[in-house]
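Chain by chain, the residues:
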Amino acid sequence: MSKILSKEEWLRRQRLKNKIMVILVITLMIAIFTVSALVIGKLLISLFNNTGHKTEAVTVTLSNGTVVSKQYLTPNRYSRPQTKLKKVNGIVIHYTANPGTSASANRNYFEGLARKKTTSASSHYIIGLEGEIIQCIPLTEIAYASNERNKDTISIECCHPDETGRFNEETYKSLVALAAVLYKEFNLGEEDIIRHYDVSGKLCPLYYVENETEWEKLKKDIMDEIIKMNEDKQNNI
């Protein structure tokens, strides 16, 4: 036989039930808010990297018709540590120091360092002898290329046909086009386009260290490309 509750006991139980219901509703709302925040956060991260720029905005067809090919290295401590690149303050130009090799071969070399476990090296981009461009590292991560400037620069490794280290026409044109796009994307200045040599004193890129006038010409060609891009944009408005 069920016990007949007094009015006071009935009211006490009702207040307890109401409190439990309020707690459940609040808990449910917190859970919904948390899940929503995580989903929105992931969406924002997918759109923007730590520099505030759209992720991988440079994977476009360049002015010379070259399409950047994403072939990311497998994450590993020797060539792709996945350390965040929080800010981009410059573009560093390199040469492979391996005459006659292709962009693909140099990309495979970086990939193989995880197995050899003897040295650390990589680059965000490699430009081949036919002007092809392979992107090895996302622009949200550092590459092992420029010593203490790894933390705030994008690296471009360039193939070359012979021991002089001079880039052929196809490589040169792709370098100019890619550097111009990166320059605009990260709002850089002319002084922010540098050589590996300017960071560490290493003779890289060799030809453009030994021939200062050619280095100045390369930078001028990049600046001219940026002017052309701006003019083309204005004409298309």
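For the structure itself, look to the data block above.
Everything numeric here is computed off the predicted structure, so don't read it as measured data.

K.L.:
Would you mind showing me how to read helix 6 (residues 212–236) here?
P.N.:
An α-helical turn contains 3.6 residues, so any two residues separated by three or four positions project in the same direction. Between the first and last C-alpha of helix 6 there are 36 Å, a value that for 25 residues agrees with the 36 Å anticipated at 1.5 Å per step. All buried positions along helix 6 are accounted for by Trp 215, Leu 218, Lys 219, Ile 222, Met 223, Glu 225 and Ile 226.

K.L.:
Sorry if this is basic, but what is going on with helix 2 (residues 103–116) here?
P.N.:
An ideal rise of 1.5 Å per residue puts 20 Å on 14 residues; helix 2 measures up with 20 Å between its terminal C-alpha atoms. Those residues of helix 2 that fall on the buried side of the exposure criterion are Ala 103, Asn 106, Arg 107, Phe 110, Glu 111, Gly 112 and Leu 113. Positive phi shows up at Lys 117, right after helix 2, with a value of about 55°.

K.L.:
I keep staring at the layout of surface pockets and nothing clicks. Help me out?
P.N.:
Considering only enclosed or pocket space, the largest pocket measures out at about 330 Å³ in volume. Around the largest pocket, the lining is made up of 20 residues, and of these Thr 96, Phe 110, Ala 121, Glu 157 and Lys 202 lie nearest the centre. Secondary structure elements with two or more residues in the lining of the largest pocket: strand 2 (90–95) and helix 2. A total of four residues in the lining of the largest pocket trace back to one element, the largest contributor, which is helix 2. Here the lining of the largest pocket is built from residues that sort into nine nonpolar, nine polar and two charged.

K.L.:
So what exactly am I meant to see when it comes to the pattern of salt bridges here?
P.N.:
Note that side chains of opposite charge can pair when their charged atoms are close. Under the defined criterion, the tally for this structure stands at ten salt bridges. A salt bridge links Asp 198 to Arg 195; its shortest N-O distance comes to 3.0 Å. For Asp 198, a relative accessible area of 40% puts it in the partly exposed group. Judged by relative accessible area, Arg 195 falls into the buried class, the value being 4%. We note a salt bridge from Asp 224 to Lys 220, for which the minimum N-O separation is 2.9 Å. Remark: Lys 220 and Asp 224 occur in helix 6; sequence separation between them is four residues, near one turn of the helix. The class for Asp 224 is partly exposed, based on a relative accessible area of 34%. The partly exposed category is assigned to Lys 220, whose relative accessible area is 48%.

K.L.:
So what exactly am I meant to see when it comes to a nonpolar patch on the surface here?
P.N.:
Where nonpolar side chains cluster on the molecular surface, the patch consists of Leu 16, Ile 20, Met 21, Leu 24, Val 25 and Met 29 and spans about 590 Å² of accessible area. Note on Val 25: relative accessible area 40%, which makes it partly exposed.

K.L.:
How should the pairing of strand 2 be read in this particular structure?
P.N.:
A regular strand places its side chains so that they alternate between the two faces of the sheet. Along strand 2, six of the six residues are buried, which leaves the element largely enclosed by surrounding structure. Side-chain alternation along strand 2 places Gly 90, Val 92 and His 94 on one buried face and Ile 91, Ile 93 and Tyr 95 on a second face that is also buried. Examined bridge by bridge, strand 2 and strand 6 (residues 193–195) share three bridges and lie parallel to one another. What sits directly across from Ile 91, in strand 6, is Ile 193.

K.L.:
Explain the pairing of strand 5 (residues 153–158) here, please?
P.N.:
The buried fraction of strand 5 amounts to six of the six residues, a majority that puts the element mostly inside the structure. Of the two faces of strand 5, the one lined by Thr 153, Ser 155 and Glu 157 and the one lined by Ile 154, Ile 156 and Cys 158 are each fully buried. Relative to strand 5, strand 2 runs parallel, the two sharing six bridges. Residue Ile 91 lies in a different strand from strand 5, and its bridge partner there is Ile 154. Sheet topology places strand 3 (residues 125–127) next to strand 5; three bridges connect them, and they run parallel.

K.L.:
Can you help me understand the sheet that holds strand 6 in this one?
P.N.:
Pairing between sheet strands relies on hydrogen bonds along the backbone, with the strands arranged either parallel or antiparallel. Read from one edge to the other, the open sheet built from six strands follows the order 1-4-3-5-2-6, with strand pairing classed as mixed. Strand pairing shows two members of the sheet lacking a second neighbour, strand 1 (68–70) and strand 6, which therefore form its edges. If you compare each strand with its neighbour and ignore which way they point, the axes differ by 25° on average. Here strand 3 runs beside strand 4 (residues 133–135); their pairing, made up of three bridges, is antiparallel. Along strand 4, the bridge assignment pairs Ile 126 with Ile 134. Its contacts with the sheet put helix 6 on strand 2 and strand 6, and the angle it makes with strand 6 is roughly 155°.

What counts and how
Residues numbered from 1 in each chain as written. Predicted model: local features only at pLDDT ≥ 70, side-chain atom pairs only at ≥ 80, totals over all residues. Heavy atoms only, no water. Helix = DSSP H or I, 4+ residues; strand = E, 2+ residues; numbered from the N terminus. Expected span 1.5 Å × (residues − 1). Buried < 20%, exposed > 50% of the residue type's maximum accessible area, 1.4 Å probe, protein only. 1 Å grid on protein atoms, 1.4 Å probe; cavity = no way out; pocket = protein on both sides within 12 Å on 5 of 7 lines; lining within 4 Å. Points joined across faces, edges and corners; volume = space filled by probe spheres on them. Nonpolar A, V, L, I, M, F, W, Y, C, P; charged D, E, K, R; others polar. Salt bridge = Lys/Arg side-chain N within 4 Å of Asp/Glu carboxyl O. Patch = residues over 30% accessible without salt bridge, like charges linked within 9 Å, V, L, I, M, F, W, Y side chains within 5 Å. Areas by Shrake-Rupley, 256 points an atom, 1.4 Å probe, with all protein chains shown as cover. Pairing = 2+ DSSP bridges. Axes fitted to C-alpha atoms, helices over the stretch in contact; angles between N-to-C directions. Contact = heavy atoms within 4.5 Å.

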